[in-house]
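Tertiary structure, described
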Amino acid sequence: MLACGPDVVYPSRHRALYRNLRRSGVVLSEMPPGTRALRWGFPARNRIMAALGAITVVVEAGDPSGSLITAHFAADLGRSVGAVPGRVTVSVAEGSNRLLRDGAVLIRGPEDVLDEIFGVGNRPLTAVGSESERVIEGLPSNVRKVLARVELGESVSAIASASGLSVAEVRAAIGQLEHEGLIVPGALGWWERAPRW
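Structural notes, computed from the coordinates. (Residues numbered from 1 in each chain as written. Predicted model: local features only at pLDDT ≥ 70, side-chain atom pairs only at ≥ 80, totals over all residues. Heavy atoms only, no water.)

Examining the overall build of the protein
Rules: In DSSP terms, a helix is any run of H or I states spanning at least four residues, a strand is any run of E spanning at least two, and both are numbered starting from the N terminus. Summary of the burial criterion: residues with accessible area below 20% of their type's maximum are buried, those above 50% are exposed, and those between are partly exposed, where the area comes from a 1.4 Å probe applied to protein chains only. We call two residues in contact whenever any of their non-hydrogen atoms come within 4.5 Å of each other. For accessible areas, the Shrake-Rupley method is used with a probe of radius 1.4 Å. Any residue's cover is judged against the shown protein chains and nothing else.
Helix and strand counts for the protein come out as 9 helices and 5 strands. Reading the secondary structure of the protein in the N-to-C direction produces α-α-β-α-β-α-β-α-α-α-α-α-β-β. Among the 197 residues that make up the protein, the fraction classed as buried is 37%. Pairs at least 24 apart in sequence give 61% of the contacts found in the protein among residues at least 6 apart. When the accessible surface of the protein is totalled, it reaches about 11100 Å², and 56% of it is carbon and sulfur.

What to know about a nonpolar patch on the surface
The condition is simple: Within the patch definition used here, like charges are joined within 9 Å and nonpolar side chains (Val, Leu, Ile, Met, Phe, Trp, Tyr) within 5 Å, considering only residues with over 30% relative accessible area and no salt bridge. We define a salt bridge as a contact between a side-chain nitrogen of Lys or Arg and a carboxyl oxygen of Asp or Glu at a distance within 4 Å.
A cluster of nonpolar side chains, V26, L28 and L52, forms an exposed patch at the surface whose accessible area comes to about 290 Å². The class for L52 is exposed, based on a relative accessible area of 57%.

Considerations on the sheet that holds strand 3 (residues 105–106)
Within a sheet, each strand pairs with its neighbour through backbone hydrogen bonds, oriented either parallel or antiparallel. Convention followed: Only when DSSP finds a minimum of two bridges between them are two strands counted as paired. To obtain each axis, a line is fitted to C-alpha atoms, and for helices this fit is confined to the stretch in contact; angles are then taken between N-to-C directions over 0 to 180 degrees.
Ordered by their spatial adjacency, 3 strands build an open sheet running 1-2-3, and the pairing between neighbours is parallel. A strand with exactly one partner marks an edge of an open sheet, and here the two such strands are strand 1 (55–58) and strand 3. Inspection of the sheet shows strand 1 paired to strand 2 (residues 80–83) by 4 bridges, in the parallel sense. Following the sheet pairing, T56 is matched in strand 2 by V81. Against the sheet, helix 4 (residues 94–101) touches strand 1, strand 2 and strand 3, its axis set at about 125° to strand 2.

Focus: helix 4
Those residues of helix 4 not exposed but buried are G95, S96, N97 and L99. As for helix 4, its buried residues are in contact with strand 1, helix 3 (66–76) and strand 2. At the C-terminal side of helix 4, G103 shows a positive phi close to 110°.

Quick notes on the packing of aromatic side chains
Here is the rule: In summary, the pairing rule links any two rings of Phe, Tyr or Trp, Trp by its six-membered ring, whose centres are within 6.5 Å, and it sorts them by plane angle into stacked for under 30 degrees, edge-to-face for over 60 and tilted for everything else.
Tallying each qualifying case throughout the model produces 1 aromatic pair. Geometrically, the ring pair formed by Y10 and F42 is tilted, given 5.9 Å between the ring centres and 55° between the ring planes. Taken together, the residues Y10 in the segment before helix 1 (15–24) and F42 in helix 2 (residues 41–52) connect sequence positions 32 residues apart. The class for F42 is partly exposed, based on a relative accessible area of 25%.

Digging into the packing of helix 7 (residues 141–151) against helix 9 (residues 167–179)
Pairs of packed helices are described in terms of their axes, by the angle between the two and the distance that separates them. As a reminder of what qualifies: Angles are sorted into four bins: roughly parallel if under 35 degrees, roughly antiparallel if over 145, roughly perpendicular if 65 to 115, and oblique for all others. Put simply, Ala, Val, Leu, Ile, Met, Phe, Trp, Tyr, Cys and Pro go in the nonpolar bin, Asp, Glu, Lys and Arg in the charged bin, and everything else, Gly too, in the polar bin.
Between helix 7 and helix 9, the shortest axis-to-axis distance is 9 Å and the interhelical angle comes to 85°. Considered as vectors, helix 7 and helix 9 are oriented roughly perpendicular to each other. Where helix 7 abuts helix 9, its residues V143, V146 and L147 lie against V170, A173, I174, Q176 and L177. Along the lines of polarity and charge, the residues of the contact of helix 7 with helix 9 split into 7 nonpolar, 1 polar and no charged.

Rendered as structure tokens:
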């Protein structure tokens, strides 16, 4: 995804990568051909990048940074946000560590990304009917609130706003609901009730 026109190579040292992408991949840009890279174009590009993925993973980010802008766009869209932890004494990890503090998914490797996208490792429950009601009744009230909002198809930020919970609390509740087998990741970063319930 480019922050300039689709025919502009920026930075110019990436000319070989650009040619390779045009030949065997895709070059995306919302800018008209010939548009040079301007400062405002990068946040604009980042919002599209956040929308294209099921999860945004921040490997390393200072504070502030373009990666944090992308992570915030992703969170606003209800997409998952993950971060790789960094040393607390290193400035280039301040942003990614802050995301983790604020409730981003801890990413230790590719398995964590796949688990977040596909729900690998969730404990499926086999019981139905009264068993599901018993499980739901046993949940803390804040988790039941999140479940009710998930059923409405709301984003993480919308659930937080409607329930009075923080984004981090909503993400924690979603994690618990996934673990209980009550919800599964749906398309485009949303969640839905598990079919067995």
